[in-house]
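Listed below, chain by chain, are the residues.
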Amino acid sequence: MNRRGIALIAVLVVAAVMTVVGSLLFVGTLGDLRQTRSTLQAAQARAAAEAGLTYARYAMEVARGDIKAILAPKMNLTANPATEWVLPESQWPGIASAIQSLLNGGYGSLPSGAVDQGQASVQFTVTRFRGNTKGATAQTYRADYVVVSTGQVGPARRRTEEKGYFEIQLGRPSLSQWLFLVDDAGGQTGFFPTGTVFNGPVHANHNWGFWGRPVFRDVVSTSDDGAWYWHLSGDGCTGKNRVWVRGDSRPPCTVPDFQKGFLRSQPTIDLPTSTLSQQRAALGMDPQDTSAPSDKEICFALGLHDPPKKNCNKNPSVPDGVYLVNDGANVKGGIYVQGDLDQLVLKATGTGKQIYTFEQGSNTWVITVDYTTNTTTVTKNGAPVGTYAGTPNGPAPLGTGGPTGQIYVTGKIKSLQGPSRTGPLPCGVDYPGSSDNCPDHPPPAQIPPALSKETQLHITAVGAIGLTGDLIYECDPTKVTDPGYLATKPRCALGAGQTLPTVLGVMSQNDDITIKVGAPDNLYLWGSYLSGASGKGLAVENYSSRGRQGKLRLFGGLIQSADQLRGTINASGQLLSGYIETYDYDLRFADSALAPPNFPTVRVFDVQKVQATPLSFREF
């Protein structure tokens, strides 16, 4: 019995010890779990705080539109930007305070779901708003910032701080940054119907007109408080053919697809015919000087004094003809045409050469630009005129008289086109129907390129311009990162971080740009087209009687004073005559990152870029 009693006591002691040990282990495990959880939450809170700093830098850049609204009423629009601050110094402290309030009020908390665990908030401090650089076409300003970001997950809280500066760039943006820009959209007499597609920023100062379901994949805006919404017989609507609606639709007949909204009552965008002198650019002069060059200046720039074909001092005049501006050995400007042109044909060889063929009366000039050898050769009626070092390509440094991608015609261009097609396209002229059988990108192989990869060109005519053929680039900007495309076009491969330089601008100073009778079906036009004189735009000759011609595929942009009718449809939306249009935005034009040389800009300064630069970081 004693042995059994002793054994029982021993078992109880062991059990008690085991219980104590187990309790200690359990308590230790709980402590470890709590410590692990606390450590994890602290790490998550730190990550949330760092996410807040990233969001803050993003906020300073995407708030560009709101910052513009702060700056616009404070700008001195009469200031000379080369010598005076567009934003006066007296306004700088108030600007800093206003931007700080804007950022804290609109971006103080991260959006829901921005961090996986917990939450984060940011606090902005903006000081020392100041001028940085002045220039004739751009100014930059800087402000210092401090951002404190607080991340919290459960009871864990971490703070991070970043100090730096952000830079605001003001400039006169190029009109080419719009896919479609018009003063009067003509909505009282016509409309954009079902089948019309816009995939870039569009704006009409007045008179938008819609019918059916046109598609707008980017922001649509107008300076009016509404638009004209049409109905045609059989579309399910009743009432007047057109109704002014202060809204987004007129169901069931007209319900446009505004994928990023329809903004009304927006500021008017003035459409200058020019804020640069394309004439001076072609002559190798400073395009910032918008005064008309004198006959004497033109005579000397074209080399008519040496040899002395004309006495430029006493009797300056310029005979009709085509002139490559040069000093006898080197290209010193662009291409200057006196008088009307019967035809201008642009051709890219695909081997690094750009060929321009000018026809005027009985004379034909061929100007061959060889980018490989950096030379330009001119012939007239088959006979050599000369070979010159340099190429008339790209923007000229201001005041240097250097080469510029500018063709200037003092009269009209009756026919402008690229090379003729090598065969019929596999798309029809019916819409809806087989007119969609041809892709927008890359264009069908039957269309040879008009512009070489290296060419940056602006064609300006004082008078009307007639379009008679396709105008496309050697390299498709939408395909230059596609390995399959580059396998067939190795010249289109770009180096890391490079942008395809090819760009075209076509501008009539005083008249329409017109797609002439005889232009091919399913026309491809690449570049930015501007007809800004009052009442002028991109027209289609005899649009109502020329028969169906399928799609007009415009890749780049269209800027007009008054939108023109370019085709007719029936009540079912079927094309009856002319063209149905699609508008495809060249993303390189966004924010004026790329523009044709000497292309007109808006008249006033705008906020073009806001960029944050961090300088220091700490956690506390």
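Residues numbered from 1 in each chain as written. Predicted model: local features only at pLDDT ≥ 70, side-chain atom pairs only at ≥ 80, totals over all residues. Heavy atoms only, no water.

**Things to note about the state of the cysteines**
Let me state the cut-off plainly: The rule for a disulfide is simple: a pair of cysteine sulfur atoms within 2.5 Å. Helix and strand definitions follow DSSP, with helices as H or I runs of at least four residues and strands as E runs of at least two, each counted in order from the N terminus. Exposure categories follow from relative accessible area, calculated using a 1.4 Å probe and restricted to protein chains: below 20% of the type maximum is buried, above 50% is exposed, and the middle band is partly exposed.
By the definition in use, this model includes 4 disulfides. One disulfide in the model links Cys299 with Cys312; its S-S distance is 1.9 Å. The S-S bond linking Cys299 to Cys312 shows a torsion near -70 degrees; that makes this disulfide left-handed. One end of the pair, Cys299, is in helix H5 (residues 295–301); the other, Cys312, is in the loop between H5 and strand E14 (321–326), and 13 residues separate them in sequence. Per residue, the accessibility class of Cys299 equals that of Cys312, and both read buried. With its sulfur 2.2 Å from that of its partner, Cys427 forms a disulfide with Cys438. When the S-S torsion is -85 degrees, as for the bridge of Cys427 with Cys438, the disulfide is left-handed. Separated by 11 residues along the polypeptide, Cys427 in the loop between strand E22 (413–417) and strand E23 (456–461) and Cys438 in the loop between E22 and E23 bring together distant segments of the chain. The buried category is assigned to Cys438, whose relative accessible area is 3%. Sequence-ordered numbering of the bonded cysteines in the protein chain gives a pairing of 1-2, 3-4, 5-6, 7-8.

**A word on the side chain of Thr455**
Our working definition: Pairing of N or O atoms within 3.5 Å defines a polar contact, subject to two protein rules: one partner must be a possible hydrogen donor and the other a possible acceptor, and residues neighboring in sequence count only if both atoms are side-chain atoms. Pairs of residues are marked as contacts when any of their non-hydrogen atoms sit within 4.5 Å.
The topology assignment puts Thr455 in the loop between E22 and E23. Among the polar contacts made by the side chain of Thr455, one reaches the side chain of Gln354 at a distance of 2.8 Å. Those residues in contact with Thr455 that sit more than four places away from it in its chain are Gln354, Tyr356, Tyr371, Asn393, Pro501, Thr502 and Val503.

**Structural notes on the pairing of strand E6 (residues 202–206)**
Two faces, one strand: in a regular strand the side chains alternate between the faces of the sheet. Worth spelling out the cut-off: Strands were regarded as paired on the criterion that DSSP finds at least two bridges between them.
Judged by how many residues are buried, E6 sits mostly within the fold: 4 of 5 residues are covered. In the sheet, strand E4 (residues 180–184) pairs with E6 via 4 bridges, with the strands oriented parallel. Considered in E6, the bridge of Leu181 is made with His203.

**Let's talk about the sheet that holds strand E1 (residues 119–133)**
As a reminder of what qualifies: All axes are obtained by fitting lines to C-alpha atoms, using only the stretch in contact for helices, and the reported angles, taken between N-to-C directions, cover 0 to 180 degrees.
Spatially, E1-E2-E3-E32 is the arrangement adopted by the 4 strands of the open sheet, whose pairing is antiparallel. Sheet topology places E1 and strand E32 (606–619) at the edges, where each strand pairs with a single neighbour. Neighbour-to-neighbour, the strand axes of this sheet turn through a mean angle of 20 degrees, independent of strand direction. Direction of pairing for E1 relative to strand E2 (residues 138–153): antiparallel, over a ladder of 12 bridges. Counted as the bridge partner of Arg130 is Arg142 from E2. Helix H2 (residues 64–71) rests against strand E3 (156–171) and E32 of the sheet, and its axis sits at about 115 degrees to E32.

**Structural notes on the layout of surface pockets**
Note the cut-off: Put simply, the grid is 1 Å and covers the protein atoms alone, a cavity is a trapped set of points that fit a 1.4 Å probe, a pocket is an open set with protein on both sides within 12 Å along at least five of seven lines, and lining residues have an atom within 4 Å of a point. Grid points are joined across faces, edges and corners, and a volume is the space filled by probe spheres set on the points. Residues were grouped as follows: Ala, Val, Leu, Ile, Met, Phe, Trp, Tyr, Cys and Pro as nonpolar; Asp, Glu, Lys and Arg as charged; and all remaining residues, including Gly, as polar.
Taken as a whole, the largest pocket encloses approximately 1300 Å³ of empty space. Along the wall of the largest pocket there are 35 residues; nearest its centre are Lys68, Gln177, Trp178, Ile269 and Asp606. Broken down by secondary-structure element, the contributors of at least two residues to the lining of the largest pocket are H2, E6 and E32. In terms of residues, the lining of the largest pocket owes the most to one element, H2, which gives 4 residues. Class assignment of the residues belonging to the lining of the largest pocket gives a composition of 20 nonpolar, 8 polar and 7 charged.

**Considering the packing of aromatic side chains**
Here is the rule: Two aromatic rings, drawn from Phe, Tyr or Trp (for Trp, its six-membered ring), form a pair once their centres lie within 6.5 Å of each other, and the interplanar angle then sorts them: stacked below 30 degrees, edge-to-face above 60, tilted otherwise. To sit over a ring, a charge needs its Lys NZ or Arg CZ within 6 Å of the ring centre and within 35 degrees of the ring normal.
Summed over all chains, the structure comprises 30 aromatic pairs. Taken together, a centroid distance of 6.4 Å and an interplanar angle of 80 degrees make the contact between Trp92 and Tyr141 edge-to-face. Taken together, the residues span a long stretch of sequence, with Trp92 in helix H3 (residues 92–107) and Tyr141 in strand E2 at a distance of 49 residues. Each member of the pair, Trp92 together with Tyr141, is buried. The side chain of Arg242 reaches across the aromatic face of Trp228, ending 5.0 Å from its centre.

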